Amino acid sequence: MPMTEKNATNPTTEPAVLHESVIGWFGEHARDLPWRRPEAGAWGVMVSEFMLQQTPVSRVLPVYEQWLARWPRPADLAAEAPGEAVRAWGRLGYPRRALRLHGAALAITERHGGDVPADHGQLLSLPGIGEYTAAAVASFAYGQRHAVLDTNVRRVFARAVTGVQYPPTATTAAERRLARALLPEDEATAARWAAASMELGALVCTAKNETCVRCPIAAQCAWRLAGKPAHEGPARRGQTYAGTDRQVRGRLLAVLREATGSVPQSALDAVWHEPVQRARALDGLVADGLVEPLENGFYRLPQS
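These figures come from a predicted structure and were not determined experimentally.

Q: Tell me about the pattern of salt bridges, residues and numbers included.
A: Tallied over the full model, the rule gives 15 salt bridges. Here Glu 185 and Arg 145 are joined by a salt bridge, their closest N and O atoms 3.5 Å apart. Placement of the pair is Glu 185 in the loop between helix H10 (173-182) and helix H11 (187-203) and Arg 145 in the loop between helix H8 (131-142) and helix H9 (151-162), with a sequence separation of 40 residues. The partner of Asp 288 in a salt bridge is Arg 249, with the nearest N and O atoms 2.9 Å apart. With a gap of 39 residues between them, Asp 288 in the loop between helix H15 (275-287) and strand E2 (292-293) and Arg 249 in helix H13 (residues 245-258) connect regions that are remote in the sequence. Classification of Asp 288 by relative accessible area gives partly exposed; the value is 25%. According to the relative accessible area criterion, Arg 249 is buried, its value standing at 16%. Through salt bridges that share partners, Arg 70, Glu 80, Glu 84 and Arg 87 make up one connected network.

Q: Pulling in residues and values, what's your account of the sheet that holds strand E3 (residues 298-300)?
A: Strand order in the open sheet formed by three strands is E1-E3-E2, and the pairing between neighbours is antiparallel. Looking at which strands have only one partner, the edges of the open sheet turn out to be strand E1 (263-264) and E2. Note: E2 against E3, two bridges, orientation antiparallel. Bridge pairing in E3 places Pro 293 opposite Tyr 299.

Q: I'd like a rundown of the nonpolar core, residues and numbers included.
A: Residues Trp 43, Met 46, Met 51, Trp 67 and Leu 101 are the most contacted members of the largest nonpolar core, which totals 52 residues. Contributions of two or more residues to this core are made by helix H2 (41-51), helix H3 (57-70), helix H4 (74-78), helix H5 (82-89), helix H6 (96-111), H8, H13 and H15. The element contributing the most residues to this core is H2, with seven residues. Contact partners of Trp 43, with chain neighbours within four places excluded, come to Trp 67, Leu 68, Trp 71, Pro 72, Arg 73, Pro 74, Leu 77, Leu 101, Ala 105 and Val 116. Counting 30 residues, the second largest nonpolar core, distinct from the first, contains Phe 26, Ala 195, Val 204 and Cys 205.

Q: Let's hear about H5: which residues, and what values?
A: When you tally the buried positions in H5, you get six out of eight residues, the bulk of the element. Of the positions making up H5, those classed as buried are Pro 82, Gly 83, Glu 84, Ala 85, Val 86 and Trp 89. In the core, the buried residues of H5 are packed alongside H2, H3, H4, H6 and H13. Note on H5: the residue one or two positions beyond its end, Gly 90, has a positive phi of about 60°.

Q: Please set out the packing of aromatic side chains residue by residue, giving values where relevant.
A: Under the defined criterion, the tally for this structure stands at four aromatic pairs. Between the aromatic rings of Trp 35 and Tyr 64, the centroid separation amounts to 5.0 Å while the plane-to-plane angle is 80°, which identifies the pairing as edge-to-face. With Trp 35 in the loop between helix H1 (15-29) and H2 and Tyr 64 in helix H3, this pair connects stretches of sequence that are 29 residues apart. With respect to burial, Trp 35 and Tyr 64 carry one shared label: buried. Aromatic pair Phe 157 and Trp 193: ring centres 5.9 Å apart, planes at 10°, arrangement stacked. Taken together, the residues span a long stretch of sequence, with Phe 157 in helix H9 and Trp 193 in helix H11 at a distance of 36 residues. Trp 193 shares its class with Phe 157; the two are buried.

Q: Can you break down H11 residue by residue, with the values?
A: End to end, H11 covers 24 Å across 17 residues, agreeing with the expected 24 Å (1.5 Å per residue, within 8%). Where H11 is buried, its residues contact H1, H8, H9 and H10. One side-chain oxygen of the residue at the start of H11 lies 3.3 Å from the amide nitrogen of Ala 188, identifying that residue as Asp 186.

Q: Explain the packing of H13 against H15 residue by residue, including any values.
A: Helix packing geometry: the angle between the two helix axes and the distance between the axes. Remark: H13 packs on H15, axes separated minimally by 9 Å, with the N-to-C direction vectors making an angle of 70°. Looking at the two axes, H13 sits roughly perpendicular to H15. Seen from above, H13 lies across H15 with right-handed handedness. Of the residues in H15, those in contact with Asp 245, Val 248, Arg 249, Leu 252 and Leu 253 of H13 are Gln 277, Arg 278, Arg 280, Ala 281, Leu 282, Gly 284 and Leu 285. Classifying every residue of the contact of H13 with H15 gives six nonpolar, two polar and four charged.

Q: Would you mind going over the confidence of the model for the protein chain in detail, with residue names and values included?
A: Fine structural detail should not be taken from predicted coordinates in areas where pLDDT scores are low. On average, residues of the protein chain carry a pLDDT of 93, and 94% of them reach 70 or more. Counting contacts from residues 1-12, a segment whose pLDDT is below 50, to residues more than four positions away or on other chains yields 23 contacts.

Q: Just give me the short version of the side chain of His 19, but keep the residues and values in it.
A: For His 19, the position within the fold is in helix H1. A relative accessible area of 12% means that His 19 is categorised as buried. Among the polar contacts made by the side chain of His 19, one reaches the main-chain carbonyl oxygen of Leu 182 at a distance of 2.5 Å. Leaving out residues up to four positions away in the same chain, His 19 has contacts with Gly 24, Leu 182, Leu 183, Pro 184 and Trp 193.

Conventions and cut-offs
Residues numbered from 1 in each chain as written. Predicted model: local features only at pLDDT ≥ 70, side-chain atom pairs only at ≥ 80, totals over all residues. Heavy atoms only, no water. Salt bridge = Lys/Arg side-chain N within 4 Å of Asp/Glu carboxyl O. Helix = DSSP H or I, 4+ residues; strand = E, 2+ residues; numbered from the N terminus. Buried < 20%, exposed > 50% of the residue type's maximum accessible area, 1.4 Å probe, protein only. Pairing = 2+ DSSP bridges. Core = buried A, V, L, I, M, F, W, Y, C linked by side-chain atoms within 4.5 Å. Contact = heavy atoms within 4.5 Å. Phe/Tyr/Trp six-rings, centres within 6.5 Å; stacked < 30°, edge-to-face > 60°. Expected span 1.5 Å × (residues − 1). Polar contact = N/O pair within 3.5 Å; in protein donor to acceptor, adjacent residues only side chain to side chain. Axes fitted to C-alpha atoms, helices over the stretch in contact; angles between N-to-C directions. Parallel < 35°, antiparallel > 145°, perpendicular 65-115°, else oblique. Left-handed = near helix turned anticlockwise from the far one by under 90°. Nonpolar A, V, L, I, M, F, W, Y, C, P; charged D, E, K, R; others polar. pLDDT = per-residue confidence, 0-100.

Spelled out as structure tokens, the structure:
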């Protein structure tokens, strides 16, 4: 049945055609990633979802494998100090994700007997779990029917159905309605659709230099059929890193990760020349719970 205006979708795009084409493409072209294998389990899926936020697969893979080898179950991570999670996070960036994952492991151990819950509401109640991660874990780990809207999926839907080059900066209610309207009714098919549409955005319908000749739904894509009109919203700026507080925080954390115990202020002072920015970055790390100040000007990764 064609989509309707009520569903806030493009009436020329048949959901069944999209489902069949994208899922069929996924069956032939999906990457063999460890968190997609049955043995990954719900915990492996959850760990991957935390790590993959704003971080490419190539950087995540080695850290993910080391993490699961060390902490194959939530209780294994929960038994360690949060600073060990920060240490193992390495250079993935945005290290607060490590603390949130540690907090989620604690909650899973205390509230759910050490098993990642399958219930969407229970997933949402875990520390550090938002709407996207809860939907992703419920869908990818438990085969449930949820709209899973990451950046890649939002871009595919924006182009194929809405006819614009890029989605809005933040997820809108209209995007959520569209995602729900596009969901297959069958749970298993919906879960497959979620993974397939995400992979399509990651490999083919990319932010730059999209390869429409490889796209299984190019013939139905509203944006391509409209002549690929240029983005009309605010300019999309890439994130800078060099010289930012993020870079300073990373250098300070690197010293603490490599240390076996606490480190003196002088060791931290040596990694960045500008004292005001260095102090601001260190204060931010302490405020975020990533660094623990001790007496006499010493610092360490958090122990509790």
